[in-house]
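What follows is the residue order along each chain.
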Amino acid sequence: MKLTQEIKQSLQKTQKVLSIQMDVHHINDFTKRFKKSIFSGSRWQLEQQNTKSIATTFEEPLPEDLQEFIKEKNCQILEKEVSVGYESMSYNDVLQQLLPKNVQAPQGYEIIGKIAHFNLAPEQLPYKYLIGQVLLDKNKHLQTVCNKLEKLHNVYRTPQLELLAGNNSYDAIVPEGGVRLFLNFEKVYWCTRLYSERERIIKYIKELANGKNIKVLDLFCGIGPFSLRIAKDLNAQCLANDLNPECFYYLKKNIVENKVQNQVTPLNMDAREVVLKIYNKEIDFDFNHVYMNLPVLAINFLDVFKGFTQKTGKVELPYIHVYGFAKGKDDQELIEQFSLRIVKGLPGFDKSQILRFHVLKNVTKMKKMCCLSFQLDKKSAESEFGLVEQEDGNNSDFEDDEKMEQNELIEDVVNKKVKID
Ligand SMILES: C[S@@+](CC[C@H](N)C(=O)[O-])C[C@H]1O[C@@H](n2cnc3c(N)ncnc32)[C@H](O)[C@@H]1O
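Just so we're clear, the structure is a prediction, and the values are computed from it rather than from any experiment.

Caption draft 1: Molecular detail of the UniProt feature "binding site: S-adenosyl-L-methionine" (unreviewed entry) in the protein chain. According to UniProt, the positions carrying the feature "binding site: S-adenosyl-L-methionine" (unreviewed entry) are Arg198, Asp242, Leu243, Asp270, Ala271 and Asn293. Here Ala271 shows up in helix H9 (residues 271-279). Ala271 gets classed as buried once you look at its relative accessible area, which sits at 3%. Excluding anything up to four places from it in sequence, Ala271 contacts Leu219, Phe220, Asn241 and Phe301. With respect to the helices and strands, the residue Asn293 is situated in the loop between strand E14 (289-292) and helix H10 (308-312).

Caption draft 2: The arrangement of the site of the ligand in detail. Within the structure, the ligand sits among 22 residues, and Arg198, Asp242, Asp270, Ala271 and Asn293 are positioned closest to it. Note that a nitrogen atom of the ligand is positioned 2.7 Å from one of the side-chain N or O atoms of Asp270. Counted by class, the shell around the ligand contains 14 nonpolar, four polar and four charged residues. Counting contributing residues per domain, the shell around the ligand is built from domain 2 (91-169) and domain 3 (191-412), each supplying no fewer than three.

Caption draft 3: Geometry of helix H3 (residues 64-73). Among the residues making up H3, those that are buried are Leu66, Phe69, Ile70 and Lys73. Buried residues in H3, looked at end-on, bunch into an arc of 100°, giving them a common side. Opposite its buried face, H3 presents the exposed residues Glu64, Lys71 and Glu72, each directed more than 90 degrees away. Contacts made by the buried residues of H3 are with strand E1 (13-23), helix H2 (27-34) and strand E4 (76-84).

Caption draft 4: A look at the packing of helix H4 (residues 91-98) against helix H5 (residues 128-138). Contact geometry of H4 with H5 gives a least axis separation of 10 Å together with a crossing angle of 155°. The orientation of H4 with respect to H5, classified from their angle, is roughly antiparallel. Like other packed secondary-structure pairs, H4 and H5 cross with a definite hand, here right-handed. Here Tyr91, Val94, Leu95 and Leu98 of H4 come into contact with H5, specifically with Leu130, Ile131, Val134, Leu135 and Lys138. Classifying every residue of the contact of H4 with H5 by side-chain character gives eight nonpolar, no polar and one charged.

Caption draft 5: Representation of the sheet that holds strand E3 (residues 51-56) in the model. Strand order in the open sheet formed by four strands is E2-E3-E1-E4, and the pairing between neighbours is antiparallel. One side of each edge strand has no neighbouring strand; the edge strands of this open sheet are strand E2 (45-48) and E4. If you compare each strand with its neighbour and ignore which way they point, the axes differ by 40° on average.

Caption draft 6: H4, seen in detail. Of all the residues in H4, the buried ones are Tyr91, Asn92, Val94, Leu95 and Leu98. The buried residues of H4 occupy one face: seen down the axis, they fall within an arc of 160°.

Caption draft 7: Up close: the packing of aromatic side chains. Applying the stated criterion across every chain, the model contains 16 aromatic pairs. Between Tyr279 and Phe385, the ring centres sit 5.9 Å apart and the planes meet at 90°, which makes this aromatic pair edge-to-face. In this pair, Tyr279 is assigned in helix H9 and Phe385 in the loop between helix H12 (378-382) and helix H13 (394-414), connecting sequence segments 106 residues apart. With a centroid separation of 6.3 Å and 70° between ring planes, the pair formed by Phe287 and Phe305 is classed as edge-to-face. Of this pair, Phe287 sits in the loop between H9 and E14 while Phe305 sits in the loop between E14 and H10; the two residues are 18 residues apart in sequence, bridging distant segments of the chain. A relative accessible area of 8% places Phe287 in the buried class. Using a relative accessible area of 0% as the deciding quantity, one classes Phe305 as buried. Through successive ring pairs, a cluster of aromatic residues spans Phe30, Phe34, Trp44, Phe58 and Phe69. The aromatic ring of Phe385 is capped on one face by Lys311, whose charged end is 4.7 Å from the ring centroid.

Caption draft 8: Up close: the pattern of salt bridges. If you walk through the whole model with that rule in mind, you get 18 salt bridges. For Lys277, the salt bridge is made with Glu282, and the minimal N-O distance between the two is 3.1 Å. A residue is classified by how much of its surface remains accessible, and Lys277, at 21% relative accessible area, is partly exposed. We note a salt bridge from Glu382 to Lys378, for which the minimum N-O separation is 3.6 Å. Of the two residues, Glu382 and Lys378 are both situated in helix H12; the distance of four residues between them amounts to about one turn of the helix. We classify Lys378 as exposed; its relative accessible area is 57%.

Caption draft 9: Local environment of the domain arrangement of the protein chain. Domain assignment breaks the protein chain into domain 1 (5-88), domain 2 (91-169) and domain 3 (191-412). For domain 1 versus domain 3, the separation of C-alpha centres amounts to 58 Å.

Cut-offs and rules
- Residues numbered from 1 in each chain as written.
- Predicted model: local features only at pLDDT ≥ 70, side-chain atom pairs only at ≥ 80, totals over all residues.
- Heavy atoms only, no water.
- UniProt positions renumbered as here; feature names shortened; annotations may be inferred.
- Helix = DSSP H or I, 4+ residues; strand = E, 2+ residues; numbered from the N terminus.
- Buried < 20%, exposed > 50% of the residue type's maximum accessible area, 1.4 Å probe, protein only.
- Contact = heavy atoms within 4.5 Å.
- Near = heavy atom within 4 Å.
- Polar contact = N/O pair within 3.5 Å; in protein donor to acceptor, adjacent residues only side chain to side chain.
- Nonpolar A, V, L, I, M, F, W, Y, C, P; charged D, E, K, R; others polar.
- Domains from an automatic or database assignment.
- Arc of directions from axis to C-beta.
- Axes fitted to C-alpha atoms, helices over the stretch in contact; angles between N-to-C directions.
- Parallel < 35°, antiparallel > 145°, perpendicular 65-115°, else oblique.
- Left-handed = near helix turned anticlockwise from the far one by under 90°.
- Pairing = 2+ DSSP bridges.
- Phe/Tyr/Trp six-rings, centres within 6.5 Å; stacked < 30°, edge-to-face > 60°.
- Lys NZ or Arg CZ within 6 Å of the ring centre and 35° of its normal.
- Salt bridge = Lys/Arg side-chain N within 4 Å of Asp/Glu carboxyl O.

The following block contains the structure:
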């Protein structure tokens, strides 16, 4: 269903309203106090010399504060008829009238620059273009409204978008924590909601560093929000890597736009390859923190740090901040499961080494997205280097997690990221 001129006209009607008439000297005071109750699109009408009236949404019985105002300022109440149409109606009013009774108008969406994206429920899909157009018309700061379709098995973690209304452009500029991030929402991974998580880890790294230089290996950096922010906030040196060539394009742009060329080095390769190249001295980068933000798979990459000391000759071991999914009814059970997976790559790992454990999101009641911070253990670091053969089950894990993550995103949006009044 599309919003046609005929549909707009079908909303046109006249409505009886209460109009308040007053001396022009009281207009400012009235507007200040009762602005919300002025009928949308209504203008002050001259009734007699120095007397004007305005249509309102008040109904009998009138609220006490209005009654007092009327008495004090000697106002008159007039019954009037106003013409109501699409232009003067709110998003909710329009959709309430146009959608069938069993279909709710979506009450939340997420904003990325001038893009709004919904995760529409199946029953809303036949009305998706209508919903998109109404949202666009009622929010002048938006240029594009899209629906995020169910994610596919997708290494780059990019969403599948369907344009509902506005420009077919997914370019955006997002300000975050003092940096400006350029991105294309269709071509790269982006999640505005990770803002506070980045904030949390940056604070924690500051605590751990205790004044020492911070050197971060950001292995799955996307368009670089974490590296850029920690470079700016904590004067850190970062090697920022992502496999997606589109991320690499925006990462380079973001580094230049935010003037951190001397602090953030961009790379475009597989994460494991980066570490191997550091070991082989093809890449010269000394690091004391590893940031691994690819929840579906990051834990599987930990094996590359087994044999770290043998490969680098270093005894000072890096801190690792790794994201992943785990199932459990409480932190203890989640940590247990998370740890079992870490041990596969780092045989010396023991849960007593965990410095911080944090649940970011509830995917389902039992399944959570978590972040775990620990210092690489001596036993794993001093073990023989040797990559762990990845199990066949990895792919099904990937899909399972992918679906769960998608469910969670839908829950999040239903929880009204941006509320529609
Ligand atoms: C969940 S996103 C995180 C992006 C970024 N940390 C952020 O907060 O915006 C994970 C990123 O990992 C990248 N990626 C997937 N597999 C990779 C690999 N084997 N090596 C390096 N990057 C990879 C994807 O392209 C994606 O941009």
